[in-house]
Amino acid sequence: MKKKLVVALISAAMVTSMLGACGSNNASSSNSASSAATSSVSASSASEAETETAGSTSTSSTSEEVSADADQEAADKVADLIDAIYVQERNENTDEQCAAAKEAWDALTDAQKELVEGENADPDYFGRDTGDASQDDPLNGDEIGENELLVVSFGTSFNDSRAQDIGGIEKALQTAYPDWSVRRAFTAQIIINHVQARDDEKIDNMDQALERAVNNGVKNLIVQPTHLMHGAEYDELKEAVDSYKDKFESVTIAEPLLGEVGDDATVINDDKQAVAEAITAQAVESAAYDSLDAAAEDGTAFVFMGHGTSHTAKVSYSQMQTQMDTLGYKNVFIGTVEGEPEETACENVIEAVKAAGYKKVVLRPLMVVAGDHANNDMAGEDADSWKSQFEASGAFDEINTQIEGLGRIDAIEQLYVQHTQAAMDGNGVQDDAE
């Protein structure tokens, strides 16, 4: 570029000099030639400048594309690592996979973290704040002794709920039976892996917990499920325990929260009544009403959202609605995320509440823990959450949510204590403190 510019300037100077020798009469011509030469130089310079600018822009664009590709590649690597541990089976590589996923996540920039997207992976897997994991005790210690009370839960990755809801039940049982060692197991390996990878908290699955009991010389084992009913999770738990029963002197599985299922929607029992009374009283108190009747007079209905299931135990939800009706709780409704049984689907519950004439609604989980379902499916901002669907119906003036699991309610904790005692009595194994 510099050489071309020099040549152009020399040429212009020569033309100017030659025209100047012709005298003042040619001054006008000289000026014209000089202007033309200068214009030629300027045009040449501008053209070359545009070429350089275009080249610079192209280089910058390419650099940005390369950077964007690198960002996505790093995010995709983390997504793949998350998907690899989002499984229901533990394997010999699980510990290393959990550590690798967290290490790769920590190495990402904030912008890269937002790009994480996989079959089950998203930025919330590691990035969502669910409370302080250090407040939770995984209860996976050895030195158990001869008597173990194994508390089995589906589990939750929400730290606060794990500590308050599941932890609340475990603490109540330990207080009630101080001569028994309370230990924990989760049935959801997906959740176990999530908590381990994110918070470095290791929770036993069923096999690990039962192996721990065997290795510690436990003689008497009571298994207390925190599950709501005799559903699919309970069946899997029973199968796992049965495979170890010959390794202990006595093994007993206590009743889940709602007790025996029964044949149809009309069957209710003392457990269901106790649960109905406890959860309704807590919901009324949390909503700052003096009584359920006072809430009804104010036009408020309470909707308890359970999980739902295709298992035959789904009739338990219909039985809970029967129980509410039997108690005279006309402004209390039972629903499920899965919509099984059918009358518990969100759209059907909305119609039922609307037909009853209530204009205010309080949503609360019918679940032991206030985890993902309570925070997202019930109270989330997405269009398909229960809160959003009730709002979208246009039939109600006010929608409120109570994100509290059943496990933190004292009366519910005491019901589990009673079920554990019944298991001990039925097996002839008594707590030494009694």
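Located above this text is the structure these notes cover.
Residues numbered from 1 in each chain as written. Predicted model: local features only at pLDDT ≥ 70, side-chain atom pairs only at ≥ 80, totals over all residues. Heavy atoms only, no water.

### Comments concerning unusual backbone geometry
So, point 1. A cis amide bond links Glu340 with the next residue in sequence, Pro341, at an omega value of 10°.
So, point 2. You can see Pro341 is positioned in the loop between strand E6 (332-336) and helix H13 (346-355).
So, point 3. Phi at Leu139 is positive, roughly 50°, even though this residue is not glycine.
So, point 4. Mapping Leu139 onto the fold places it in the loop between helix H5 (124-127) and strand E1 (147-153).
So, point 5. Classification of Leu139 by relative accessible area gives buried; the value is 19%. (Helix = DSSP H or I, 4+ residues; strand = E, 2+ residues; numbered from the N terminus. Buried < 20%, exposed > 50% of the residue type's maximum accessible area, 1.4 Å probe, protein only.)

### Details of the nonpolar core
So, point 1. Of all hydrophobic cores here, the largest spans 54 residues; its most connected members are Ile279, Phe302, Phe304, Met324 and Ile412.
So, point 2. Setting aside chain neighbours within four positions, we find Phe302 in contact with Ala283, Val284, Ala287, Tyr289, Leu292, Ala295, Asn331, Val332, Phe333 and Val362. (Core = buried A, V, L, I, M, F, W, Y, C linked by side-chain atoms within 4.5 Å. Contact = heavy atoms within 4.5 Å.)

### Regarding the pairing of strand E4 (residues 250-253)
Every other side chain in a regular strand lies on the same face of the sheet, so the side chains alternate between the two faces.
So, point 1. Of the two faces of E4, the one lined by Ser250 and Thr252 is fully buried and the one lined by Val251 and Ile253 carries no buried residue.
So, point 2. Across four bridges, strand E3 (residues 220-225) lies against E4 in parallel orientation. In the strand pairing of E4, Ile222 is matched with Thr252.
So, point 3. Crossover handedness for the path E3 to helix H9 (residues 232-242) to E4: right-handed. (Pairing = 2+ DSSP bridges. Right-handed = clockwise from strand over helix to strand, strands pointing away.)

### Some thoughts on the environment of Gln174
So, point 1. Residue position: Gln174 is located in helix H6 (residues 159-176).
So, point 2. Residue class for Gln174 comes out partly exposed when judged on its relative accessible area of 28%.
So, point 3. Once the C-alpha coordinates of Gln174 and Leu149 are considered, the two residues, 25 residues apart in sequence, prove to be 8.5 Å apart.
So, point 4. Among residues more than four places away in sequence, those in contact with Gln174 are Trp180, Ser181 and Val182.
So, point 5. At 3.1 Å, the side chain of Gln174 and the backbone nitrogen of Val182 are in polar contact. (Polar contact = N/O pair within 3.5 Å; in protein donor to acceptor, adjacent residues only side chain to side chain.)

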